[in-house]
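Here is how the chains run, residue by residue.
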Amino acid sequence: QSALTQPASVSGSPGQSITISCTGTSSDVGGYNYVSWYQQHPGKAPKLIIYDVTNRPSGVSNRFSGSKSGDTASLTISGLQAEDEADYYCSSYTSDNVVFGRGTKLTVL
Amino acid sequence: EVQVLESGGGLVQPGGSLRLSCAASGFTFSIYGMGWVRQAPGKGLEWVSTITSSGDGRAYADSVKGRFTISRDNSRDTLYLQMNSLRAEDTAIYYCVSWCSGGACYFQHWGQGTLVTVSS
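Rules behind the numbers
- Residues numbered from 1 in each chain as written.
- Chains lettered and ligands numbered in written order.
- Predicted model: local features only at pLDDT ≥ 70, side-chain atom pairs only at ≥ 80, totals over all residues.
- Heavy atoms only, no water.
- Helix = DSSP H or I, 4+ residues; strand = E, 2+ residues; numbered from the N terminus.
- Rg over C-alpha atoms; globule rule 2.2 N^0.38 Å.
- Buried < 20%, exposed > 50% of the residue type's maximum accessible area, 1.4 Å probe, protein only.
- Contact = heavy atoms within 4.5 Å.
- Areas by Shrake-Rupley, 256 points an atom, 1.4 Å probe, with all protein chains shown as cover.
- Core = buried A, V, L, I, M, F, W, Y, C linked by side-chain atoms within 4.5 Å.
- Pairing = 2+ DSSP bridges.
- Axes fitted to C-alpha atoms, helices over the stretch in contact; angles between N-to-C directions.

(A) Examining the overall build of chain B more closely. Helix and strand counts for chain B come out as 0 helices and 10 strands. What you see in chain B, going N to C, is helices and strands ordered as β-β-β-β-β-β-β-β-β-β. The globule rule puts the C-alpha radius of gyration for 120 residues at 14 Å, and the 13 Å found for chain B is close to it. In terms of overall dimensions, chain B has C-alpha extents of about 40 × 30 × 25 Å along its principal axes. Each of the 120 residues in chain B was classed as buried or not, and the buried ones make up 50%. Excluding contacts between residues fewer than 6 apart, the proportion of contacts in chain B whose partners are at least 24 apart in sequence is 54%. For chain B, the exposed area adds up to about 5,300 Å²; of that, 46% sits on carbon and sulfur atoms.

(B) Just the nonpolar core, in detail. In this structure, B:Trp36, B:Tyr94, B:Phe107 and B:Trp110 are the most contacted members of the largest nonpolar core, which totals 47 residues. Here the element with the most residues in this core is strand 9 (residues 92–98) of chain B; it accounts for 5 residues. With residues near it in sequence (within four places) discarded, B:Trp110 still touches A:Tyr38, A:Ala45, A:Pro46, A:Phe100, B:Val4, B:Val37, B:Leu45, B:Tyr95, B:Cys96 and B:Val97. Listed in part, the 23 residues of the second largest apolar core include A:Val10, A:Ile50, A:Val53 and A:Leu80.

(C) Examining the sheet that holds strand 2 (residues 10–12) of chain B more closely. Residue and element names in this part refer to chain B. Strand order in the open sheet formed by 6 strands is 2-10-9-4-5-6, with mixed pairing between adjacent strands. Of all the strands in the sheet, the pair left with one neighbour each is strand 2 and strand 6 (58–60). Here the strands of the sheet are splayed against their neighbours by 25° on average, with no regard to which way each runs. Across 3 bridges, strand 2 lies against strand 10 (residues 114–118) in parallel orientation. Each residue of the ladder has a partner; that of Gly 10, found in strand 10, is Val 116.

By themselves, these observations are geometric and do not establish any function.
This is how it looks when you write it as structure tokens:
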């Protein structure tokens, strides 16, 4: 149950786009289309923003998008806004467990 | 409106036990798998355990296997986590989460969390 690999931090200016990667193995990210992404603001509970690699829950901005290639999933945030500054976690479901990434801190400059 | 409300956290000595509860409302509890995710102070998210909608299937992280037991009462729309032989490294905020439904598996609904502190 090794954690998925994410960059510790990324940054961007308002209006720009950023991408956060999430690398696993063929046993998790690469083997299933069950990658999800969560946004967490300080002191708050996480919030689901992407599920099943590419799908957005109702109410989540279309500035958030997900993709996957091989063992690496990605979250792209376009048109960065100050409110996007938060921690982001990827997660993958496998046959018998769930694994999270270590998290990426997004700073909006 | 979906509500997920955890309770039962607190301060416990190493080796002690604690039982967390999670009351859910606003969605059909009995058709969702449910689970627990924790977050140690200043750290990332860690999956702890999940249970199927009927309660007949359970999975645990290696770090808690043999010490924690997840269960549910669909008549009360309530999820539980029995935590025994607690260690300092179990100190964390414990979030109750909804899990699989209709073949789709992701943590959709989250509670605000309950803090468990293991310390002498």
